[in-house]
Structures are given as structure tokens and as C-alpha cells.
Amino acid sequence: MNETTQVKLLRGAIILGLALLVCGHIILGVTFASDDIGHQGFILGAALSAFGVVLSLPTKIYLTLLLMEHEEKTNPNFTRSADGQARRGTSVAHIRTATEEDAARLSEIARRTFVDTFAADNTEENMRLHCDATYSEALQLAEIQDPNRLTLLATHEWNIVGFVQLRWGNTPECVQAKSAGELQRLYVDKDWHGKGIAQDLMQAAIDAMLHKSNDVMWLGVWEHNPRAIAFYKKSGFIEVGSHVFPLGNDPQRDIIMMKPLAAATE
């Protein structure tokens, strides 16, 4: 039985279950209002209601799971919320694709994590200029809507605790690839460091690029960010060049690193 037939049957079961629930409640209501019907009315109403619950609720749950599975197979930008758990048992976060409704919260965590990471080594003015130009809610919404970008969120109890943003196009010359994608940003809230979330986000990014048949992932990382450089090296990235990254009015040097993705499938 294919998925389309299953969905039709399950929807039919839900409709039938709801109809039985309604009929059962009507019979029970009429029985309460009339002494002529007797206990048979209570029995019939209760039976119809019970069958309605059995048909509708479990079927609805199964139908939801079936539709999620179908979405995961057909939508390249869909990431099942439990993928992070399956990838790394020590992680406490779930990984999912960002939606337009996430723009405001994404803007807030992007600003916060960027400031937490770089404020100590840069002026307040340059930090403000960069955050205003990069992490506004409007810009995050536009990036979520951009077909050449993909934003994945790490969430815990509905709170965003980390994110990774990918984009395609404008690959630097030092990155040798047939088809490359950029890991533009990867940040985790400082309170959630060391819980496997960064590794989950990295694996989700790799999976997304392999789905698009990219053979190389590349990124730019500030030369004075040893923690991030160490993480990327541990993840299989190698240094291949550099470029200028303007932070407000300060032109800084970013190291360009790349990771061949063919090895991820071996």
C-alpha cells in the first residue's frame, strides 16, 4: 500500500471517528433529556463515543508521523526535529529548518552570540555597526526566504540555542571544487557550549550540502578566533586562503577553510 492510499484511509478513519463521536454525544444528550429511551440510549451513545475516540486520536497521531516522513523525503529543506538526537545521543537539542516565524528570535540570538564571541576584542561601535547591518529581523527574514540560503536551528523546549546558516554562490578562487557551498555562520548560545549542539549543527549542514550534491564546504573564520579554528580543524577543514571581512569600520582578516565532502559519504 503506497503513502497516498494510506493517507486517504487514515483521513477517512479520522472523519468516521469524529462522526461517531458527534453521534454518540447527540444520543447521550437526547437520552439525558428523555426518560422514554432508557439505558439502551446510554449504552449506544457511550459505545459510539468510544469507537470514535479509538478511530480518531491514534489515527491522527499516525497520520501526522506519516506526513512528516513524506515531507522529509520530498522537501530538501526539511529537517526532522529529532535528527540531532539520532546523530549524537549526548545532545539535548533538536535540529529543524527555520521558518519565517523564527526571524525575530533568530535575529536576537544571532546578535547575542556574535557579541558574546567577539565583543572583548573589538570596539563597541564596530560591533554595533556590524550587528545592525547583518542581524536585523528584516535581514534574517530575507535570508530565510532566500532560495540560495538555508538556516537550521537547534532548539530546546521551543528556545533557539544555536543555529547554522548556509549559502550557495560566490565561491572564492582558493576553494577548488566542482560544486561548493558556504558555511556562512555557526553559533551556539554560550550557556549551551559543550553539549554536542555545534557537532549536530555541523552534521546537519553537511547533510544539506550532500543533498545538493556539493563536493566541498567552505567557510571564513577570523584569524583571532582560536576556539572556532580548532573546532573546524577537528571537523575536517583545512586552510586554503584568506579574505577581508569588514567588521564595522575595521577590515579584518578571515582565514578561508574548506572540507571535502566526499569523505563524509565513505
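Counting restarts for each chain: residues are numbered from 1 in the order of the written sequence. Only residues with pLDDT of at least 70 are given local features in this predicted model, and only at 80 or more are side-chain atom pairs given and counted; all residues enter the totals for whole chains, interfaces and linings. Water and hydrogen atoms play no part in the side-chain values, which are based on all heavy atoms of the structure.

Visitor: Would you explain helix α8 (residues 226-234) in this entry?
Guide: Every α-helical turn comprises 3.6 residues, leaving residues that sit three or four positions apart pointing alike. Three labels apply to residues, based on accessible area from a 1.4 Å probe with only protein chains included: buried if under 20% of the type maximum, exposed if over 50%, partly exposed otherwise in between. Per the convention used, a helix needs a DSSP run of H or I reaching at least four residues, while a strand needs a run of E reaching at least two, with both numbered from the N terminus. Along α8, the positions that sit buried rather than exposed are A228, I229, F231 and Y232. Projection of α8 onto a plane perpendicular to its axis shows the buried side chains occupying an angular sector of 160°, all on one side. Exposed residues lying more than 90 degrees from the buried face of α8 are P226, R227, K233 and K234. In this analysis, two residues are considered to be in contact whenever any of their non-hydrogen atoms come within 4.5 Å of each other. On its buried face, α8 sits against β4 (180-188), α7 (197-211), β5 (216-222) and β7 (250-260). Looking at the residues trailing α8, positive phi occurs at G236, about 105°. The arc under discussion is defined with respect to the helix axis, by the directions toward the C-beta atoms.

Visitor: Could you clarify how one ought to interpret the confidence of the model for the chain in this entry?
Guide: It should be kept in mind that the predicted coordinates are not to be read in detail where pLDDT is low. Summary statistics for the chain give a mean pLDDT of 83 and a share of 75% for residues scoring 70 or more. In the predicted structure, residues 80-89 sits below a pLDDT of 50 and forms 25 contacts with residues beyond four places in sequence or in another chain. On a scale of 0 to 100, pLDDT captures the predictor's confidence in every residue.

Visitor: Where do I start with the pattern of salt bridges in this structure?
Guide: Close approach of charged atoms allows side chains of opposite charge to pair. Salt bridges are defined by distance alone: a side-chain nitrogen of Lys or Arg within 4 Å of a carboxyl oxygen of Asp or Glu. On inspection of all chains with the given rule, the structure shows 13 salt bridges. Here R149 and E143 are joined by a salt bridge, their closest N and O atoms 3.6 Å apart. Per residue, the accessibility class of R149 equals that of E143, and both read buried. R253 is the salt-bridge partner of E239, the closest N and O atoms lying 3.9 Å from each other. One end of the pair, E239, is in strand β6 (residues 238-247); the other, R253, is in strand β7, and 14 residues separate them in sequence. Look at E239 and you get partly exposed, because its relative accessible area is 49%. Members of the salt-bridge network, linked through shared partners, are R111, E125, R128 and D132.

Visitor: What am I meant to see in unusual backbone geometry here?
Guide: In terms of backbone geometry, most residues other than glycine have negative phi values and most peptide bonds are trans. For W158, which is not a glycine, the phi torsion comes out positive at approximately 75°. Positive phi is not limited to glycine here, since S213 has a value of about 65°.

Visitor: What's the story with the nonpolar core in this structure? I'm lost.
Guide: Most often, soluble globular proteins have nonpolar side chains that are buried together. Nonpolar cores are built from buried Ala, Val, Leu, Ile, Met, Phe, Trp, Tyr and Cys residues. Side-chain atoms within 4.5 Å join them into one set. In terms of nonpolar packing, the biggest core is built from 32 residues, with L166, L183, L186, M202, M217 and Y232 touching the most fellow members. Listed by contribution, the elements that provide at least two residues to this core are β2 (149-156), β3 (159-167), β4, α7, β5, α8 and β7. Among the elements that take part in this core, α7 stands out by supplying nine residues, more than any other. Excluding its chain neighbours within four sequence positions, the residues that come into contact with L183 are V164, Q165, L166, M202, M209, M217, W218, L219 and Y232. By size, the runner-up hydrophobic cluster in this structure holds 17 residues, among which are L106, I109, F114 and I144.

Visitor: Just to check I follow, could you spell out the sheet that holds β7 for this structure?
Guide: The pairing of strands in a sheet happens through backbone hydrogen bonds and is either parallel or antiparallel. Pairing between two strands requires that DSSP report at least two bridges joining them. The sheet built from seven strands is open, its strands ordered β1-β2-β3-β4-β5-β7-β6 with mixed pairing. Only two strands of the sheet have a single partner each, and these edge strands are β1 (94-97) and β6. Taking each pair of neighbouring strands and ignoring which way they run, the sheet shows an average axis angle of 30°. Where β4 and β5 come together, three bridges link them in parallel fashion. The partner of A180 across the bridge, within β5, is V216. Convention adopted: a line fitted to C-alpha atoms gives each axis, helices being fitted over their contacting stretch, and angles between N-to-C directions are expressed from 0 to 180 degrees. The sheet contacts of helix α4 (residues 103-118) involve β1, β2, β3, β4, β5 and β6, and relative to β3 the element is tilted by about 85°.

Visitor: I keep staring at the environment of F237 and nothing clicks. Help me out?
Guide: Structurally, F237 can be placed in the loop between α8 and β6. For F237, a relative accessible area of 3% gives the class buried. Counting along the chain gives 22 residues from F237 to K259, while the straight-line C-alpha distance between them is 4.5 Å.

Visitor: Whenever I open this one, the packing of α4 against helix α5 (residues 124-134) confuses me. Can you help?
Guide: Two packed helices can be described by the angle between their axes and the distance between those axes. Relative to each other, α4 and α5 sit at 150°, their axes nearing to 11 Å. Between α4 and α5, the angle falls in the class roughly antiparallel. For the element pair α4 and α5, the recorded crossing hand is right-handed. Taken together, the residues of α5 that come into contact with α4 (itself represented by R111, F114, V115 and F118) are M127, H130, C131 and D132. An angle below 35 degrees is read as roughly parallel, one above 145 as roughly antiparallel, one from 65 to 115 as roughly perpendicular, and any other as oblique. Crossing handedness is read from the near helix: turned anticlockwise from the far helix by less than a right angle, it gives a left-handed crossing, and turned clockwise, a right-handed one.

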